[in-house]
Amino acid sequence: MPEAADILTHLATAIMTKFAGSDFDSAIGGRLTQDWAEDGTEYPYAVFQIVSAPKEKTFSEEYRDTLIQISIFSKTSSSAEVKDAYTKASALFDECSFSLTGSTLIWMRETNMVILREDIDALPDGTTRRRHCAVDFEITTKLS
């Protein structure tokens, strides 16, 4: 049975592989990272995080339900840029399929989305607010 850390690493790799070359990739200029973005990252960009990943055992099979959040950030005053990127992220990942080392993808589906306006420390261009779209996806995998 694969180790939990290996499974999550393979899941992150599968997400990045699915992202590469997609409309979502184009919408955010290829700037998708795991866990955090470096200071000074050009807008728009997105970050995905694994929020939780508990195991479930049913008789002889083991499943993992993983909750990930993709956060999309824009420094425009309008929400149009994050809405466009969200639409492309949702089209890419909601009810999608992809191959996954060490597991079988059962489903990946969107469970929640919210758009926020956040105050931030002033950027070099004087911007003090940004838009943030947080999208949650549930991923269920069957461990091999």
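All values derive from a computational prediction rather than experimental measurement.

Draft legend 1. Here's a closer look at the overall build of the protein. Broken down by element type, the protein carries three helices and six strands. For the protein, the succession of helices and strands along the chain, N to C, is α-α-β-β-β-β-α-β-β. Once the C-alpha set of the protein is aligned to its principal axes, its extents read approximately 55 × 25 × 25 Å. Classification of the 144 residues of the protein by burial places 40% in the buried group. Counting 14 positive and 23 negative side-chain charges, the protein places the averaged centre of each group 3 Å from the other.

Draft legend 2. Layout of the side chain of threonine 141. Of note, threonine 141 is situated in strand S6 (residues 129-143). The contact partners of threonine 141, leaving out residues within four places of it in the chain, are Glu62, Tyr63, Arg64, Leu100, Ser103, Thr104, Leu105 and Ile106.

Draft legend 3. Structural detail: unusual backbone geometry. In the segment running from tyrosine 43 into proline 44, the intervening peptide bond is cis, with an omega of -10°. As for its placement among the helices and strands, proline 44 is situated in the loop between strand S1 (32-34) and strand S2 (45-52). You will see that aspartate 35, though not glycine, has its phi angle at about 80°, which is positive. With respect to the helices and strands, the residue aspartate 35 is situated in the loop between S1 and S2. Of note, the phi angle at glutamate 95 is positive, near 55°, even though the residue is not glycine. Here glutamate 95 lies in the loop between helix H3 (80-93) and strand S5 (103-119).

Draft legend 4. Geometry of the packing of aromatic side chains. Summed over the entire model, instances satisfying the criterion amount to four aromatic pairs. Arranged with centres 5.5 Å apart and planes meeting at 80°, the rings of phenylalanine 19 and phenylalanine 24 form a pair that is edge-to-face. Each ring, one from tyrosine 43 and one from tyrosine 45, has its centre 5.2 Å from the other, and the planes form 50°; the classification is tilted. Given a relative accessible area of 9%, tyrosine 45 falls into the buried group. Each residue in the set Tyr43, Tyr45 and Phe73 is aromatic and connected to the rest through ring pairs, giving one cluster.

Cut-offs applied
- All residue numbers refer to positions counted from 1 along the written sequence of the respective chain.
- Only residues with pLDDT of 70 or above have their local features reported here, since the model is predicted, and side-chain atom pairs are shown and tallied only from 80 upward, although totals for entire chains, interfaces and linings are computed over all residues.
- Side-chain calculation: all heavy atoms of the structure are included, whereas hydrogens and water are not.
- Put simply, DSSP marks the helices as runs of H or I at least four residues long and the strands as runs of E at least two long, and each gets a number from the N terminus on.
- Under the scheme applied here, a residue whose accessible area is under 20% of the maximum for its type counts as buried, over 50% as exposed, and between as partly exposed, the area being computed with a 1.4 Å probe on protein chains only.
- Neither His nor the chain ends contribute to the count of charged residues, in which Lys and Arg are positive and Asp and Glu negative.
- We put the charge of a Lys on NZ, of an Arg on CZ, of an Asp on CG and of a Glu on CD.
- Should any heavy atoms of two residues lie within 4.5 Å, those residues are counted as being in contact.
- Put simply, two rings from Phe, Tyr or Trp (the six-membered ring, in Trp's case) pair if the centres are within 6.5 Å, and we call them stacked under 30 degrees between planes, edge-to-face over 60, tilted for the rest.

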